[in-house]
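A structural walkthrough
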Amino acid sequence: MRWALNRLALAITSMVALAFLVPLAVATRQIAYDRAISDARQQATSMVTVLGVNSDLTELTNAVASTAAGSAGRLAIHLPELDPIGVTHLTDATVSRAASERRSATAEAPGGIAYLQPTVLTDGRTVVVEVFVPEEETRRGVSSAWLALGGLAIVLVGGSVLLADRLGSQLVKSTRQLAAATRRLGGGELNERITPTGPRELRDAARDFNAMADDLRRLLDRERELAADLSHRLRTPLTGLRLDVEAMPPGPIAERMQQACDLLDEELEAIITGARLGSVEVRGTEECDLVEMLADRLAFWSVLAEDQERPWEVVGGHEPVMVPMSRSDVILVVDAMLGNVFSHTPDGVAFRVIVSSSGLLVDDAGPGIPDPENAVKRGFSGAGSTGLGLDIVRRAAETVRGQLVIDRSPLGGARVGLLLHAAPEEPEPQPRRRRRAVS
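A few points on the structure. (Residues numbered from 1 in each chain as written. Predicted model: local features only at pLDDT ≥ 70, side-chain atom pairs only at ≥ 80, totals over all residues. Heavy atoms only, no water.)

With respect to the overall build of the chain
- Helix and strand counts for the chain come out as 13 helices and 13 strands.
- Counting all 439 residues of the chain, 40% fall into the buried class.
- Partitioning the contacts of the chain with sequence separation of at least 6, the portion at a separation of at least 24 is 64%.
- Entry remark: accessible area of the chain is about 25000 Å², with carbon and sulfur atoms responsible for 57%. (Helix = DSSP H or I, 4+ residues; strand = E, 2+ residues; numbered from the N terminus. Buried < 20%, exposed > 50% of the residue type's maximum accessible area, 1.4 Å probe, protein only. Contact = heavy atoms within 4.5 Å. Areas by Shrake-Rupley, 256 points an atom, 1.4 Å probe, with all protein chains shown as cover.)

Considerations on the packing of aromatic side chains
- This structure, assessed with the given rule, holds four aromatic pairs.
- Relative to Trp 301, the ring of Phe 300 has its centre 5.4 Å away and its plane inclined at 85°; by these criteria the two rings are edge-to-face.
- Owing to a relative accessible area of 14%, Phe 300 belongs among the buried residues under this scheme.
- One aromatic cluster is present, built from ring pairs that chain together Phe 300, Trp 301, Trp 312, Phe 342 and Phe 351.
- Note that Arg 310 overlies the ring of Phe 342, its terminal NZ or CZ placed 4.8 Å from the centroid. (Phe/Tyr/Trp six-rings, centres within 6.5 Å; stacked < 30°, edge-to-face > 60°. Lys NZ or Arg CZ within 6 Å of the ring centre and 35° of its normal.)

Topic: unusual backbone geometry
- Positioned with a positive phi, Glu 309 is a non-glycine residue whose angle comes to about 55°.
- Within the chain, Arg 401 stands out as a residue other than glycine whose phi angle is a positive 55°.
- Locating Arg 401 in the fold gives a position in the loop between α13 (388-399) and β11 (403-408).
- Judged by its relative accessible area of 77%, Arg 401 is exposed.

Considerations on the layout of surface pockets
- Here the second largest pocket is characterised by a volume of approximately 230 Å³.
- In this structure, the second largest pocket is lined by Ala 260, Leu 263, Leu 264, Glu 267, Arg 297, Phe 300, Trp 301, Ile 331, Leu 332, Asp 335 and Ala 336.
- Residue assignment for the lining of the second largest pocket shows that the elements contributing at least two residues are α8 (252-277), α10 (290-307) and α11 (327-344).
- Taken together, the residues of the lining of the second largest pocket break down into eight nonpolar, no polar and three charged.
- Formed jointly, the lining of the second largest pocket draws a minimum of three residues from each of two domains, domain 2 (188-284) and domain 3 (285-420). (1 Å grid on protein atoms, 1.4 Å probe; cavity = no way out; pocket = protein on both sides within 12 Å on 5 of 7 lines; lining within 4 Å. Points joined across faces, edges and corners; volume = space filled by probe spheres on them. Nonpolar A, V, L, I, M, F, W, Y, C, P; charged D, E, K, R; others polar. Domains from an automatic or database assignment.)

Here we look at a nonpolar patch on the surface
- A cluster of nonpolar side chains, namely Leu 8, Ile 12, Met 15, Val 16, Phe 20 and Leu 24, defines an oily patch on the protein surface of about 600 Å² accessible area.
- Relative to the elements of secondary structure, Val 16 occurs in helix α1 (residues 2-53).
- On the accessibility criterion, Val 16 (42% relative accessible area) is partly exposed. (Patch = residues over 30% accessible without salt bridge, like charges linked within 9 Å, V, L, I, M, F, W, Y side chains within 5 Å. Salt bridge = Lys/Arg side-chain N within 4 Å of Asp/Glu carboxyl O.)

A word on the packing of α10 against α11
- Put simply, α10 and α11 touch, their axes get as near as 10 Å, and they point 35° apart. As α10 packs across α11, the resulting crossing turns out to be right-handed. Facing α10, whose interface residues are Leu 290, Met 293, Leu 294, Arg 297, Leu 298, Trp 301, Leu 304 and Ala 305, α11 presents Arg 327, Val 330, Ile 331, Val 334, Asp 335, Leu 338, Gly 339 and Phe 342.
- Looking at the contact of α10 with α11, its residues break down into 12 nonpolar, one polar and three charged. (Axes fitted to C-alpha atoms, helices over the stretch in contact; angles between N-to-C directions. Left-handed = near helix turned anticlockwise from the far one by under 90°.)

Comments concerning the sheet that holds strand β3 (residues 105-109)
- Read from one edge of the open sheet, five strands run β2-β1-β5-β4-β3, paired in antiparallel fashion. Edge positions in the open sheet fall to β2 (85-86) and β3, since each of these has one partner strand only.
- Looking at chain direction, strand β4 (residues 112-120) and strand β5 (residues 126-134) are connected through nine bridges and run antiparallel. From the neighbouring strand, Val 120 faces β5, where its bridge partner is Thr 126. (Pairing = 2+ DSSP bridges.)

Description of the environment of Pro 311
- Locating Pro 311 in the fold gives a position in the loop between α10 and β7 (312-316).
- With 40 residues separating them in the primary sequence, Pro 311 and Phe 351 have C-alpha atoms 6.6 Å apart.

Re α10
- Taking 1.5 Å of rise per residue, 18 residues should cover 26 Å, and α10 covers 26 Å from first to last C-alpha, within 8% of that figure.
- For α10, the principal kink sits at Ala 299 and spans about 30°.
- Taken together, the buried positions of α10 are occupied by Leu 290, Val 291, Met 293, Leu 294, Arg 297, Leu 298, Phe 300, Trp 301, Ser 302 and Ala 305.
- N-cap assignment for α10: the residue whose side-chain oxygen lies 3.1 Å from the backbone N of Val 291 is Asp 289.
- Two residues or fewer past α10, Glu 309 is found with a positive phi of approximately 55°. (Expected span 1.5 Å × (residues − 1). Bend = angle between axes of the 7 residues up to and from the residue. Polar contact = N/O pair within 3.5 Å; in protein donor to acceptor, adjacent residues only side chain to side chain.)

Remarks on empty space enclosed by the protein
- On inspection of all chains with the given rule, the structure shows two cavities of 30 Å³ or more.
- Of the volumes computed, that of the largest cavity is approximately 50 Å³.
- Along the walls of the largest cavity sit Ser 174, Gln 177, Leu 178, Ile 194, Thr 195, Pro 196, Thr 197, Leu 202 and Ala 206, which together make up its complete lining.
- Top element by residues in the lining of the largest cavity is helix α6 (residues 142-186). It accounts for three residues.
- Of the residues in the lining of the largest cavity, the class split is five nonpolar, four polar and no charged.
- The biggest single contributor to the lining of the second largest cavity is α11, with three residues.
- Grouping the constituent residues of the lining of the second largest cavity by class yields seven nonpolar, no polar and no charged.

Next up, the structure:
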């Protein structure tokens, strides 16, 4: 923007300067020419005065020699039927034509121009006074005048560009401040405000930005309070559910229900904490081991896999994989990906979990996902699903600047993956743990 303003000022000022300086340059050239002709006219008039007093050849010769033009060989007097007195630069025909017309005129001559002034003596003879003007005399002072005009044009153009640059600098500074504040607000700094500066339009935009930031802060605070209030309300039925689970006889089902209650309680606590602190402050400051969380959740899902006679295996996971996510977020992602297999494939369908430094992949041998694009849309994924599970994975991938993958798996079914950076290179199938349910 600043450079565009400078170019605009340069173009406008240059056109204005040219509009004035070109005519001035032409006028300067014409003024120098007119001055030279005027000087020649004055010298010719002085010789006409001498001719009116005395037409003696000797006296005329002395008069011609006494003038500046005559001493320089640039003045001549043409008498009828006599040789010219002084130095002439014209042909006889040109002089005769001027004498016959009896009016002053100019004629081109080698190296310059000649001014001719005819006059009539008392005896009736016509005498022509010739004053030669060299070409350099017609241009005397023009070069210096043009240099002065050119310098003035440069000063004017440079001054206007400098002024436009200063004004543009203030405008660009205000615009950059507004853009930087917008980026910081988008990055989660909800307390970001700016001081309105610059032109009226930018000041209005800055005030609107501050008003928008205030509204956004109020909306987020209200949303957090609503989420926290909802989470508190859910604790009452959760407490009743936990009491019922504790009253169940010991066994795999009771243990699984107890784990589910514990997980739900942790998630409610995380929702309350996140709602009050703000998602931006909570996220991005925690880190956990994906392999460890996967092992904990597989301990839960393996029981259900045995009940449904699902063969499963884990590939990779020999080294820790640290992800910039909280423990509760990783649990949500893993449960969403594994729960997708159990919810959308028949009993007995095998699945495989691949974990590496690039992310997490879950393959199954089920019917696959016919419409991956709509699978992540809530309420539109089909098969009786709300699409919430894959949407959780998608949002988690966006949080870590990764990617959600929905594709056809090598097992023939669906592949759902969370890529942390680039697409992972699948390791050789060296199962760390493999189980097959026995009926």
